[in-house]
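# Coordinate analysis (summary)
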Amino acid sequence: MKYLAALTLLALLAACGGGTKTPATDSLAQNQPIAPDTLNRFDTLETGGYRILLLPATEAEYNTAKDVSAWRIACNDLEGEERFNCLGKWMRGLLVSDSTFVSRPDSLTLRIRLKNGNSLFLRDTLYTEANEGDVRLNEYMGKLSSLPWIIVGRTYYEAFDAAAYNLNTGKEVSLMYYPILSPRKNLLLVYNFDLEAGYTFNGLQLLSLSGDNATVVFERAYDKWGATNAKWISENEALIEQSVPDYGSAEYKLTKYYARLVIK
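All figures in this text were calculated on a predicted structure; none of them were measured in a lab. Sequence order sets the numbering: in each chain, residues are counted from 1 along the sequence as written. Since the coordinates come from a predicted model, pLDDT governs what is reported: local features require at least 70, and pairs of side-chain atoms require 80 or more to be given and counted, while whole-chain, interface and lining totals use all residues. Excluding hydrogens and water, the side-chain values take into account all heavy atoms of the structure.

## Section: the nonpolar core
To form a nonpolar core, buried Ala, Val, Leu, Ile, Met, Phe, Trp, Tyr and Cys residues must be joined to one another through side-chain atoms within 4.5 Å. The buried label applies to any residue whose accessible area, calculated with a 1.4 Å probe on protein chains only, is under 20% of its type's maximum; exposed applies above 50%, and partly exposed to all values in between. If you look at the biggest cluster of nonpolar residues, it comprises 24 residues, and the most contacted ones within it are Ile 73, Met 141, Leu 144, Trp 149 and Ile 151. Each helix corresponds to a stretch of at least 4 residues labelled H or I by DSSP, and each strand to a stretch of at least 2 residues labelled E; elements are numbered beginning at the N terminus. Mapped onto this core, the elements with two or more residues apiece are α3 (80-97), β7 (149-155), β8 (160-166), β9 (172-175), β11 (187-192) and β12 (203-210). Counting 23 residues, the second-largest nonpolar core is a separate cluster that includes Leu 189, Leu 204, Leu 261 and Ile 263.

Quick look at the structure:
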């Protein structure tokens, strides 16, 4: 329990950390001219055999569309202390119910049992053992629906990300943050917002799942807006909540826009 509380607190601190931000940059070239008032919120991208469109959408569409994601963090729609408490409760439940796949043989080691009888051991590195940049805590987050993949959250000194591990092969695939699984269970969408501190990835990541393989289709970092929420609405479409920060406001106000992510 103390370990979980410490990890969750670290994640919260990472999300809210201060310091001077180093702006991210758009990492993929845009195929269309961008009007000045769109804030790079719309794109067309050809990559990995996919044509990906980021098209305009409305708040009404986002609020009324049903989320048909096959797997997602249960607390993503909450903010601040509510999300902090929800995430802690959700993780504790998963650690008990899914102990078939994971266990902690000691306080610093996360063991992942593979279906071939082997095990992966992920060892935490604590503040007393390393420099700030080497600190890492691993936390089991859950299994992707009926697929042979589990998600592990990774918290560092002032940052966080995640990884997917295949239960058949032990393969590790790095994720920018926790993913949401498409209805057909063949695509993982990762989104994260961090334009205040700049300690974590700010943008979108898409992965394709096929058997025991997970392939990154694209990763795109943005410096003018960030995705604060997303949901799958069909087998190849998701709606993205895009937030633009007002650095001049005392309360760090976010203006929200919306886009439709279409994967063809």
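What follows continues from the structure just given.
## Topic: unusual backbone geometry
One non-glycine residue, Ser 145, lies in positive phi territory at about 45°. Within the element layout of this structure, Ser 145 appears in the loop between β6 (137-143) and β7. Despite not being glycine, Lys 185 shows a phi value in the positive range, around 60°. Position of Lys 185 relative to the elements: it lies in the loop between β10 (179-181) and β11.

## Overview of the pairing of β7
Summarising burial for β7: seven of the seven residues are buried, a large majority. Alternating residues of β7 divide into Trp 149, Ile 151, Gly 153 and Thr 155 and Ile 150, Val 152 and Arg 154, and every residue in both groups is buried. What makes two strands pair is DSSP finding at least two bridges between them. The sheet contact formed by β6 and β7 spans six bridges and is antiparallel. In the strand pairing of β7, Glu 139 is matched with Gly 153. Two successive antiparallel strands, β6 and β7, enclose a turn made up of five residues, where Ser 145 displays a positive phi of approximately 45°. Relative to β8, β7 runs antiparallel, the two being bridged by seven bridges.

## As for the packing of aromatic side chains
Only the six-membered ring of Trp is used, alongside the rings of Phe and Tyr, when aromatic pairs are assigned; centres must lie within 6.5 Å, and planes under 30 degrees apart are stacked while those over 60 apart are edge-to-face, with the rest tilted. Applying the stated criterion across every chain, the model contains four aromatic pairs. Seen from their ring centres, Tyr 222 and Trp 225 are 4.3 Å apart, and the 35° between their planes marks the pair as tilted. Each of the two residues, Tyr 222 as well as Trp 225, counts as buried. Criterion for a charge above a ring: Lys NZ or Arg CZ within 6 Å of the ring centre, and within 35 degrees of the ring normal. Lying across the ring of Tyr 257, Arg 41 places its NZ or CZ 3.9 Å from the centre. Geometry around Tyr 62 places Lys 231 over its ring, the cationic atom sitting 4.4 Å from the centre.

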